[in-house]
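# Examining the three-dimensional arrangement
As a plain string of letters, each chain reads:
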Amino acid sequence: MNYHFTTNGIKISKVRHESLFEMKQEHYHSYVEFYYLLSGNRKFFLNNKVYHIQSGDLMAIPKGEIHRTTYYSEGVHERIALCITDAAIDRLLQDIEKDIFQECFIKRKLTIPLNRRGYLEELFEKLLMECHMWESGVGDDLSAALCQRYCDEILLFIIRCQRYEKNATHKKTIFDTERIENSLQESTISTEMENVALYMSNHFRETITLKKMAARSCMSESYFSKRFKQETGFGFKEYLNEIRIRNACTLLLTTHKSITEIASECGFMDSNYFGDAFKKKKNVSPRQYRTINNIV
């Protein structure tokens, strides 16, 4: 069964996907997201790093960070995604300091202790049920408040787990040892492509070509392209355009520079190509995007 509901700035979904599923499009949000894997294995690309995640792992995704999930191996997987807007977070910030809330993101990948997973998963189920009741019109006048309370409790739980993960030493079980070994192996395999992604993020204003990046990695263009896709879930050009358009959005909303200037500053040598790529991604032209957001 799938759920996908929104209330008071809180969106939560529970989805089971079949073998070899991958997100069709990379994305980033104007809200935070927490992705919890109930079962299976996934490869998760976030903020220029590749993570191998297994059941019991939670990914903490701040606003504005490009991410995509893809398959790590054959087999079904089930996940929960909780998305929270600033409005919902602000209600929690009445009780805790903003710096404390930011502890949610100390580590992007957080392994929930085995003996605490049941507690977290029960909270997710309660939130799913209340959101379902609220959105389907069968909830009562307490449903919205309960959604907020369950969301707050999940966030506080994540903060507490981040603190324990940072400070505590745990007695490793066989399962934990295997997890560490798999993580180290995955890190070795993915480091090369992570370095490429980081270079692209830092040098997107420059001329970056597949040929150039393949040569930097001492690979043929076809092999480099295949490896980049396998490790990050992105096509090479797809990822480069995503970085450039994300930065163009920031300039459109925070400066009065012309469209041509912004295109050039973000690495697009042709302003017409920039306009086409932007509209394909955002469904509006750069000028319309600026106007819609009240920037003149």
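This text gives an overview of the structure that appears in the document. (Residues numbered from 1 in each chain as written. Predicted model: local features only at pLDDT ≥ 70, side-chain atom pairs only at ≥ 80, totals over all residues. Heavy atoms only, no water.)

## Let's talk about the nonpolar core
In a soluble, globular protein the nonpolar side chains are often hidden away together inside. Under the convention used in this document: Take the buried Ala, Val, Leu, Ile, Met, Phe, Trp, Tyr and Cys residues and link them wherever side-chain atoms come within 4.5 Å; each set so joined is a nonpolar core. Only protein chains enter the accessibility calculation, which uses a 1.4 Å probe; a residue is then buried when its area is under 20% of its type maximum, exposed when over 50%, and partly exposed in between. The numbering of helices and of strands both runs from the N terminus, where a helix is a DSSP run of H or I of at least 4 residues and a strand a run of E of at least 2. Whether two residues are in contact is decided by their heavy atoms: any pair within 4.5 Å suffices.
In this structure, Met200, Met213, Phe224, Phe228, Tyr239 and Phe274 are the most contacted members of the largest nonpolar core, which totals 36 residues. When contributions to this core are tallied by element, the ones reaching two or more residues are α5 (174–202), α6 (210–216), α7 (221–232), α8 (236–254), α9 (259–265) and α10 (271–282). A per-element tally of this core places α8 first, with 9 residues. If we skip the residues at most four places from it in the chain, Met213 touches Val196, Tyr199, Met200, Ile208, Phe224 and Phe236.

## Things to note about the packing of aromatic side chains
The condition that has to hold: Aromatic pairs are defined between Phe, Tyr and Trp rings, using the six-membered ring for Trp, whenever the two ring centres lie within 6.5 Å; interplanar angles under 30 degrees are classed as stacked, those over 60 as edge-to-face, and all others as tilted. Two limits define a charge over a ring: the Lys NZ or Arg CZ must be within 6 Å of the ring centre, and within 35 degrees of the ring normal.
Throughout the structure, instances matching the rule amount to 16 aromatic pairs. Centroid distance Tyr35 to Phe44: 5.1 Å. Interplanar angle 70°. Geometry classified as edge-to-face. Geometrically, the ring pair formed by Phe224 and Phe236 is edge-to-face, given 5.9 Å between the ring centres and 70° between the ring planes. Pair noted here: Phe224 is in helix α7 and Phe236 is in helix α8, with a separation of 12 residues, a long-range link. Residue classification places Phe224 among the buried residues on the basis of a relative accessible area of 0%. Taken together, the ring pairs in this structure connect Phe45, Phe224, Phe228, Phe234, Phe236 and Tyr239 into an aromatic cluster. For the cation-ring pair, Arg68 lies above Phe234, with the distance from its terminal atom to the ring centre recorded as 5.0 Å. Here Arg116 stacks its cationic end above the ring of Tyr119, 4.7 Å away from the centre of that ring.

## Here's the deal with the environment of Lys109
Heads up, the rule is: Pairs of N or O atoms are called polar contacts if they sit within 3.5 Å, as long as, within protein, a hydrogen donor faces a hydrogen acceptor (for residues adjacent in sequence, only side-chain-to-side-chain pairs).
Assignment of secondary structure puts Lys109 in strand β9 (residues 109–111). Separated by 56 residues in the primary sequence, Lys109 and Ile53 have C-alpha atoms spaced 7.9 Å apart. Side-chain polar atoms of Lys109 contact the backbone oxygen of His52, separated by 2.8 Å.

## Re the sheet that holds strand β7 (residues 67–71)
Selection rule: Here, strands pair whenever DSSP counts at least two bridges between them. To obtain an axis, a line is fitted to C-alpha atoms, over the contacting stretch when the element is a helix, and the angle between two such axes runs from 0 to 180 degrees between their N-to-C directions.
The 3 strands lie next to each other as β5-β4-β7, forming an open sheet whose pairing is antiparallel. At either margin of the open sheet sits one strand with a lone partner, and together these are β5 (49–54) and β7. With direction set aside, neighbouring strand axes in the sheet form an average angle of 25°. Here strand β4 (residues 41–46) pairs with β7 via 5 bridges, running antiparallel. Looking across to β7, one finds that Leu46 is bridged to His67. Across the sheet, α7 touches β4, β5 and β7, and the angle it forms with β4 is around 110°.

Treat this as a map of the structure, not an account of what it does.
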